[in-house]
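So the chains spell out like this:
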Amino acid sequence: MSTRASDGTPTVPRYLDRAEAVAPRIMAGHRQRAADAAAGIARLELLAAEQRHRAADLEYAAARRRLAEARTRVDDLDTEALATVLRSYQALIGVRRSTASGRTP
């Protein structure tokens with residue numbers, strides 16, 4: 001009785017015995033390479049996640065700097081506006097004092 005390969009080709013027993021003998025070792029090698037590849041992909045995914053995390057940290061720091069700069073600008077504008085109001089008030093008081101004393105502005 002002759003055995004046949006999956007494609008229907010007749011097999012020669014001495015080659016079949018050899019193939020059956022080395023197949024587990026070859027398959028173990030394939031499994032090991034597949035596991036190594038999977039581990040490599042996992043390491044790459046971890047590196048990518050770390051880079052995204054660093055980028056998010058940098059973006060957060062940049063956003064905090066922009067917020068601090070905006071607060072400084074608002075404080076500067078508030079100070080400027082207050083100074084303008086005070087000058088206007090002082091000018092108004094000066095006009096009232098000068099009119100009350102009989103002087104013309």
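Everything quoted here is computed from the prediction, not taken from an experiment. (Residues numbered from 1 in each chain as written. Predicted model: local features only at pLDDT ≥ 70, side-chain atom pairs only at ≥ 80, totals over all residues. Heavy atoms only, no water.)

## Description of the overall build of the protein
For the protein, the count of helices and strands is one helix and zero strands. For the protein, the residues scored as buried account for 5% of the 105 residues in total. Of the roughly 9,400 Å² that the protein leaves accessible, carbon and sulfur atoms contribute 61%. (Helix = DSSP H or I, 4+ residues; strand = E, 2+ residues; numbered from the N terminus. Buried < 20%, exposed > 50% of the residue type's maximum accessible area, 1.4 Å probe, protein only. Areas by Shrake-Rupley, 256 points an atom, 1.4 Å probe, with all protein chains shown as cover.)

## A word on a negative patch on the surface
The grouping of D75, D76, D78 and E80 at the surface amounts to a negative patch. Mapped onto the secondary structure, D76 falls in helix α1 (residues 13–100). (Patch = residues over 30% accessible without salt bridge, like charges linked within 9 Å, V, L, I, M, F, W, Y side chains within 5 Å. Salt bridge = Lys/Arg side-chain N within 4 Å of Asp/Glu carboxyl O. Lys, Arg positive; Asp, Glu negative; His and termini not counted. Charge placed at Lys NZ, Arg CZ, Asp CG, Glu CD.)

## Examining the pattern of salt bridges
Taken as a whole, this structure holds two salt bridges when the rule is applied. The salt bridge involving E50 is made with R54; its shortest N-O contact spans 4.0 Å. Taken together, the residues E50 and R54, both in helix α1 and four residues apart, mark about one turn of the helix. Take R54: its relative accessible area is 47%, and that puts it in the partly exposed class. In this structure, E59 and R66 form a salt bridge, with 3.2 Å as the shortest nitrogen-oxygen distance. The partly exposed category is assigned to R66, whose relative accessible area is 44%.

## What about the UniProt feature "coiled-coil region" (unreviewed entry) in the protein?
Mapped onto the present numbering, the UniProt feature "coiled-coil region" (unreviewed entry) falls at residues 53–80. Summarising residues 53–80: 100% helix, 0% strand, and an end-to-end C-alpha distance of 40 Å. (UniProt positions renumbered as here; feature names shortened; annotations may be inferred.)

## A few points about a nonpolar patch on the surface
A cluster of nonpolar side chains, L82, V85 and L86, forms an exposed patch at the surface whose accessible area comes to about 280 Å². Position of L86 among the secondary structure elements: in helix α1.

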